[in-house]
Amino acid sequence: MTNYNEAQFTSAGTNINEVKRKNAEGGLSYNEVKKLLAQRGGAGTEIYSDTDVEEVKQQIHGKKQ
């Protein structure tokens, strides 16, 4: 069994644990940024938004009777 802290390398010699560590320190991913922009109203990011468009329309225009 391999110790988790022990360095693991790909066949090309890349240290897998080092790559994972650097990725974790790298900040937001592309998709995380798009989601954050969508939540704050960024242009062209509607597909990442969890806003219910119909609910917003009802809040703006009032519920139809």
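Shown above is the structure to which this text applies.
In short, a report on the structure. (Residues numbered from 1 in each chain as written. Predicted model: local features only at pLDDT ≥ 70, side-chain atom pairs only at ≥ 80, totals over all residues. Heavy atoms only, no water.)

## Regarding the overall build of the protein
Step number 1: When helices and strands are counted, the protein shows three helices and zero strands.
Step number 2: The linear arrangement of helices and strands in the protein, starting from the amino end, is α-α-α.
Step number 3: Of all 65 residues assigned to the protein, the portion counted as buried reaches 6%.
Step number 4: Just so you have it, the protein exposes about 6,100 Å², and 51% of that area is on carbon and sulfur atoms. (Helix = DSSP H or I, 4+ residues; strand = E, 2+ residues; numbered from the N terminus. Buried < 20%, exposed > 50% of the residue type's maximum accessible area, 1.4 Å probe, protein only. Areas by Shrake-Rupley, 256 points an atom, 1.4 Å probe, with all protein chains shown as cover.)

## A short note on the pattern of salt bridges
Step number 1: Per the counting criterion, the structure on display carries three salt bridges.
Step number 2: Salt-bridge contacts for glutamate 18 lead to arginine 21; the nearest nitrogen and oxygen are separated by 2.5 Å. Separated by three residues within a single helix, glutamate 18 and arginine 21 lie in helix α1 (residues 16-24), roughly one turn from each other.
Step number 3: For arginine 21, a relative accessible area of 38% corresponds to the partly exposed category.
Step number 4: Notably, a salt bridge pairs arginine 21 with glutamate 25, separated by 3.0 Å at the nearest N-O pair.
Step number 5: Linked by salt bridges that have partners in common, Glu18, Arg21 and Glu25 make up one network. (Salt bridge = Lys/Arg side-chain N within 4 Å of Asp/Glu carboxyl O.)

## Brief notes about a nonpolar patch on the surface
Step number 1: A cluster of nonpolar side chains, contributed by Leu28, Val33, Leu36 and Leu37, occupies part of the molecular surface with about 320 Å² of accessible area.
Step number 2: On the secondary structure map, leucine 28 appears in the loop between α1 and α2 (30-39).
Step number 3: Judged by its relative accessible area of 54%, leucine 28 is exposed. (Patch = residues over 30% accessible without salt bridge, like charges linked within 9 Å, V, L, I, M, F, W, Y side chains within 5 Å.)

## With respect to the side chain of lysine 34
Step number 1: Within the element layout of this structure, lysine 34 appears in helix α2.
Step number 2: Leaving out residues up to four positions away in the same chain, lysine 34 has contacts with Gly44, Thr45 and Tyr48. (Contact = heavy atoms within 4.5 Å.)

## Concerning the environment of asparagine 31
Step number 1: Mapped onto the elements of the fold, asparagine 31 is located in helix α2.
Step number 2: Overall, asparagine 31 belongs to the partly exposed group, its relative accessible area being 46%.
Step number 3: Residues asparagine 31 and tyrosine 48 lie 17 residues apart in sequence; the distance between their C-alpha atoms is 8.5 Å.

By themselves, these observations are geometric and do not establish any function.
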